[in-house]
Amino acid sequence: MFGRLNTMTRGRGRGRWYLRLTVLVICLFAVIVIYVSNQVLTKRFTETISDRSEVRLALYVTNLMNELQRNSVVPQLLSRDPELILALEGQDYSRSTARLLSFVDEIGAASLTLLDRDGRTVAATDRNEIGEMHRNQAYFVDAVRTNQTIYTTYETDEGGYSFIYSRRIESSLGFLGVLLVEVDTARLERGWVGVADAVLVTDSDGTIIMATEPRWRGLVEEEALARQSAPSAIERAIRVTQGWAALPADAYLAGKAVLRRETRVPHQGWTLVSFTTYASVRERVNGILALEVMGFAILLALVFWTTSRKTASRLLFFQRESAELRALNRRLQREIAEREKVEKTLQVAEQTIAQSSKLAALGEMSAAVSHELNQPLAAMKTYLAGARLLLQRERTEEALSSFQRIDDLLGRMGAITRQLKSYARKGGEAFEPVDTRAAVSTALALMEPQLKTRAVNIIRTLPNEPVMILGDRLRLEQVIINLLRNALDATKTAANPTVEILLAAGDTVSIQIRDNGEGIENLDELFEPFYTTKQPGDGVGLGLAISSGIVNDLGGRLTARNAVDGGAIFEVQLPIIRQDVAAAE
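Residues numbered from 1 in each chain as written. Predicted model: local features only at pLDDT ≥ 70, side-chain atom pairs only at ≥ 80, totals over all residues. Heavy atoms only, no water.

Enquirer: What is the right way to look at the packing of aromatic side chains in this model?
Expert: Any aromatic ring pair is given by two values, namely how distant the centres are and how the planes are angled relative to each other. Per the stated rule, a full pass over the model turns up six aromatic pairs. Geometrically, the ring pair formed by Tyr151 and Trp270 is edge-to-face, given 6.3 Å between the ring centres and 65° between the ring planes. Here Tyr151 is found in strand E3 (residues 150–155), whereas its partner Trp270 is found in strand E10 (residues 270–276), with 119 residues between them in sequence. In terms of burial, Tyr151 and Trp270 fall into one category: buried. Linked through ring pairs, Tyr151, Phe163, Tyr165 and Trp270 together constitute an aromatic cluster. (Phe/Tyr/Trp six-rings, centres within 6.5 Å; stacked < 30°, edge-to-face > 60°. Helix = DSSP H or I, 4+ residues; strand = E, 2+ residues; numbered from the N terminus. Buried < 20%, exposed > 50% of the residue type's maximum accessible area, 1.4 Å probe, protein only.)

What follows is the structure, encoded as structure tokens:
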């Protein structure tokens, strides 16, 4: 008996050393793997961020040059406008301001200003500037001396910069005045404001003339980076998750390391610089490292489980033979308790990994982007075909109008991609008074290419007075376009396809869109994502789900029902605001 005990005791001692050696080897291997993985993944993800930053920088430069080049053509076109020439000749400017206002939205400029031969503002899109003198300004003096379009960077009294294209206006009577076109750089700066970026543009002297942080303008880059960050784009640019892996730093904002990229802008010696943080690198690396830690923890748990199985088989014998074996049993119980603790740690790690699965919801966003961009893309295709035909017929000005519409549609597509983010995460956009009549008219205008291809009778009933709501006009137009598109699809098999649009105002604003199609079969699942009755390839079933979410965000309700005499009726009900409230807003 004692011989067996000694043999088992020696075997137990060897097994304990084997277990310790195995655990030590696994832990050492885990440390090496995690360390190497951290270094490799950190370098790889950092290179990915660098590549994305360069692509984004090239896009910023392209947008900036497109804006400058588009505005540079405007003075040459407007300097030949007959109404402006007649106004300067007859010194009758009663309709000149209205004329400029009719151009500014279509052109996309910040402002348009008309100066007489003395440099006095006689018409402007900003009525507060009428009567101001510009005789001694460089953009007026240089424009008077030449027949070419003049570009001028003008420093304002507020410390900012204005970018102006000017050109003289003349007729058979000689020099009449100067036309000024101010580039809308604020729109570009708003587009640069991202989640983790800061962007600036310097002139040939190194002075910052455009930036996502207004307080940087007028400074050189070193002075701007040394300033205290404001709680806007700068604060977002410097929030970096710093782990125990060193990341390469090109520059520092408020003591935080960021990636700096610059490129030359082919205009007046400008340079565009962007700063990108490394915030996502640490998160992505930590996610993969957590998977590796969990794998090694499971391996250790299997080792302990295997060891405990062998120990349990000997437990009954040692309990009957001696107190020493009973002490061994208590020690094994402690090991089991430690193993259970490890298992709880694994459960926590598994819950952490489960959170990553929520990113699968982003798949719906990609499908929604494809669905919502089909309409602008179809309209762009039609406008491009028309522009090609106009260019062949040498009708350049009408072709430029088609290109402007394509530019507006591109802006709308960018806005739609931003709007679709709210389908996965609610935002906090600011609402403003919106005339629903204008939203309906704009939606019909965007649907014009599709309406021309089909003989559909459109009946539109709109009030004579404004019907105001508090909301987002772009998102409301998106809802109306989705409902109109569904109505057109529903009337494909109708003998006399008809779509009726009724806008009524009472205690609430009601927008009804009715068709004479076959009606709705399943009203209960109509607004569920990915539910559709269309053929494969014609739709993915996201239009009504997105529309219902938008209407709910606007404080209203989207309902559907079948008409008594056939067809379907979709009704959007929104809270109305009175004229006095809208004026106050």
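Once the structure has been displayed, the description carries forward.
Enquirer: In this structure, what is going on with helix H14 (residues 473–490)? I would like to understand it.
Expert: In an α-helix there are 3.6 residues to a turn, and that puts residues three or four apart on one side. With 18 residues, H14 should cover 26 Å at 1.5 Å per step; its first-to-last C-alpha distance of 26 Å lies within 8% of that length. Extensive coverage of H14 is indicated by the burial of 15 of its 18 residues. By the N-cap criterion, in which a side-chain oxygen at the helix start approaches the backbone nitrogen of a residue two or three places on, H14 is capped by Asp472, the distance to Leu474 being 3.1 Å. (Expected span 1.5 Å × (residues − 1). Polar contact = N/O pair within 3.5 Å; in protein donor to acceptor, adjacent residues only side chain to side chain.)

Enquirer: How should empty space enclosed by the protein be read in this particular structure?
Expert: Where empty space is left becomes clear once a probe the size of a water molecule has been rolled over the atoms. Taken as a whole and assessed by the stated rule, the structure comprises two cavities of 30 Å³ or more. Put simply, the second largest cavity is a space of about 40 Å³. Lining the second largest cavity are Leu444, Met447, Leu451, Ile458, Leu484, Leu488 and Val499. Here the residues of the lining of the second largest cavity are counted per class, giving seven nonpolar, no polar and no charged. (1 Å grid on protein atoms, 1.4 Å probe; cavity = no way out; pocket = protein on both sides within 12 Å on 5 of 7 lines; lining within 4 Å. Points joined across faces, edges and corners; volume = space filled by probe spheres on them. Nonpolar A, V, L, I, M, F, W, Y, C, P; charged D, E, K, R; others polar.)

Enquirer: What is the right way to read the side chain of Asn71 from this model?
Expert: Take Asn71: it is sitting in helix H1 (residues 2–78). Classification of Asn71 as buried rests on a relative accessible area of 0%. When residues no more than four places from it in sequence are discounted, the contact partners of Asn71 are Ile107, Ala109, Tyr165, Val181, Glu182 and Val183. (Contact = heavy atoms within 4.5 Å.)

Enquirer: Is there a simple way to explain the sheet that holds E3 in this structure?
Expert: Pairing between sheet strands relies on hydrogen bonds along the backbone, with the strands arranged either parallel or antiparallel. The five strands are arranged E2-E1-E5-E4-E3 in an open sheet whose pairing can be described as antiparallel. The sheet is open, and its two edges are formed by strand E2 (121–124) and E3, each paired on a single side. With direction set aside, neighbouring strand axes in the sheet form an average angle of 25°. The pairing of strand E4 (residues 161–171) with strand E5 (residues 174–182) spans eight bridges and is classified as antiparallel. Among the inter-strand pairings, Ile169 is bridged to a residue of E5, identified as Gly177. Across the face of the sheet, helix H3 (residues 96–107) comes into contact with strand E1 (111–116), E2 and E5 while running at roughly 145° to E1. (Pairing = 2+ DSSP bridges. Axes fitted to C-alpha atoms, helices over the stretch in contact; angles between N-to-C directions.)

Enquirer: When you look at the pattern of salt bridges in this model, what are you seeing that I'm missing?
Expert: Pairing of side chains with opposite charge becomes possible as their charged atoms draw close. Applying the stated criterion across every chain, the model contains 20 salt bridges. In this structure, Arg260 and Glu262 form a salt bridge, with 2.7 Å as the shortest nitrogen-oxygen distance. You can call Arg260 partly exposed: its relative accessible area is 22%. As a salt-bridge pair, Asp435 and Arg437 come within 3.3 Å of each other at their nearest N and O atoms. (Salt bridge = Lys/Arg side-chain N within 4 Å of Asp/Glu carboxyl O.)

Enquirer: It is not clear to me how the side chain of Thr152 should be interpreted in this structure. Could you clarify?
Expert: Position of Thr152 relative to the elements: it lies in strand E3. A relative accessible area of 10% means that Thr152 is categorised as buried. When neighbours within four sequence positions are excluded, Thr152 is seen to be in contact with Ala138, Tyr139, Ser162, Phe163 and Ile164.

Enquirer: Whenever I open this one, the pairing of E3 confuses me. Can you help?
Expert: It is a general feature of regular strands that their side chains alternate between the two faces of the sheet. Bridge count between E3 and E4: six bridges; the pairing is antiparallel. Among the inter-strand pairings, Glu155 is bridged to a residue of E4, identified as Tyr161. The turn linking E3 back onto E4 is made up of five residues, and Gly159 within it adopts a positive phi angle of 95°.

Enquirer: Looking at this structure, how should I read the environment of Ala87?
Expert: By secondary structure assignment, the location of Ala87 is in helix H2 (residues 82–90). The class for Ala87 is buried, based on a relative accessible area of 5%. For the pair Ala87 and Ala123, spaced 36 residues apart in the sequence, the C-alpha separation amounts to 10.0 Å. Setting aside its immediate chain neighbours within four residues, Ala87 contacts Asp92, Tyr93 and Ser96.

Enquirer: Whenever I open this one, a positive patch on the surface confuses me. Can you help?
Expert: Where like charges cluster on the molecular surface, the positive patch consists of Arg16, Arg20, Arg326, Arg330, Arg331 and Arg334. Mapped onto the positive patch, the elements with two or more residues apiece are H1 and helix H9 (323–356). A total of four residues in the positive patch trace back to one element, the largest contributor, which is H9. Relative to the helices and strands, Arg20 resides in helix H1. For Arg20, a relative accessible area of 47% puts it in the partly exposed group. (Patch = residues over 30% accessible without salt bridge, like charges linked within 9 Å, V, L, I, M, F, W, Y side chains within 5 Å. Areas by Shrake-Rupley, 256 points an atom, 1.4 Å probe, with all protein chains shown as cover. Lys, Arg positive; Asp, Glu negative; His and termini not counted. Charge placed at Lys NZ, Arg CZ, Asp CG, Glu CD.)

Enquirer: Is there a simple way to explain a nonpolar patch on the surface in this structure?
Expert: A cluster of nonpolar residues, Val73, Leu77, Leu384, Leu391, Leu400 and Phe403, forms a patch on the protein surface that exposes about 470 Å² of accessible area. Listed by contribution, the elements that provide at least two residues to the nonpolar patch are H1, helix H10 (362–392) and helix H11 (396–420). Examined against the element boundaries, Leu77 turns out to sit in helix H1.

Enquirer: Can you walk me through the sheet that holds strand E12 (residues 457–461) in this structure?
Expert: As summarised here, the arrangement of the five strands in space is E12-E14-E15-E17-E16, forming an open sheet in which the pairing is mixed. Each edge of the open sheet carries a strand with a single partner, namely E12 and strand E16 (557–562). Going from strand to strand, the sheet's axes swing by 15° on average, the running direction of each strand aside. Sheet analysis places E12 next to strand E14 (residues 498–505), joined by five bridges and oriented parallel. Looking at the pairing, Asn457 lines up with Thr498 of E14. Relative to E14, helix H12 (residues 436–446) is tilted by about 165°, and along the sheet it contacts E12, E14 and strand E15 (508–515).

Enquirer: When you look at the packing of H12 against H14 in this model, what are you seeing that I'm missing?
Expert: When two helices pack together, their arrangement is given by the angle between the helix axes and by the axis-to-axis distance. At a closest axis distance of 9 Å, the pairing of H12 and H14 adopts a crossing angle of 50°. Between H12 and H14, the angle is such that the two are oblique. Seen along the crossing, H12 lies across H14 with a hand that is right-handed. Of the residues in H14, those in contact with Thr436, Ala438, Ala439, Val440, Thr442, Ala443, Leu444 and Leu446 of H12 are Arg473, Leu476, Glu477, Ile480, Ile481 and Leu484. Taken together, the residues that form the contact of H12 with H14 break down as ten nonpolar, two polar and two charged. (Parallel < 35°, antiparallel > 145°, perpendicular 65-115°, else oblique. Left-handed = near helix turned anticlockwise from the far one by under 90°.)

Enquirer: What is the right way to look at the environment of Pro82 in this model?
Expert: Tracing the backbone through its elements, the reader meets Pro82 in helix H2. Overall, the relative accessible area of 52% leaves Pro82 in the exposed class. Separated by 89 residues in sequence, Pro82 and Ser171 place their C-alpha atoms 9.8 Å apart.

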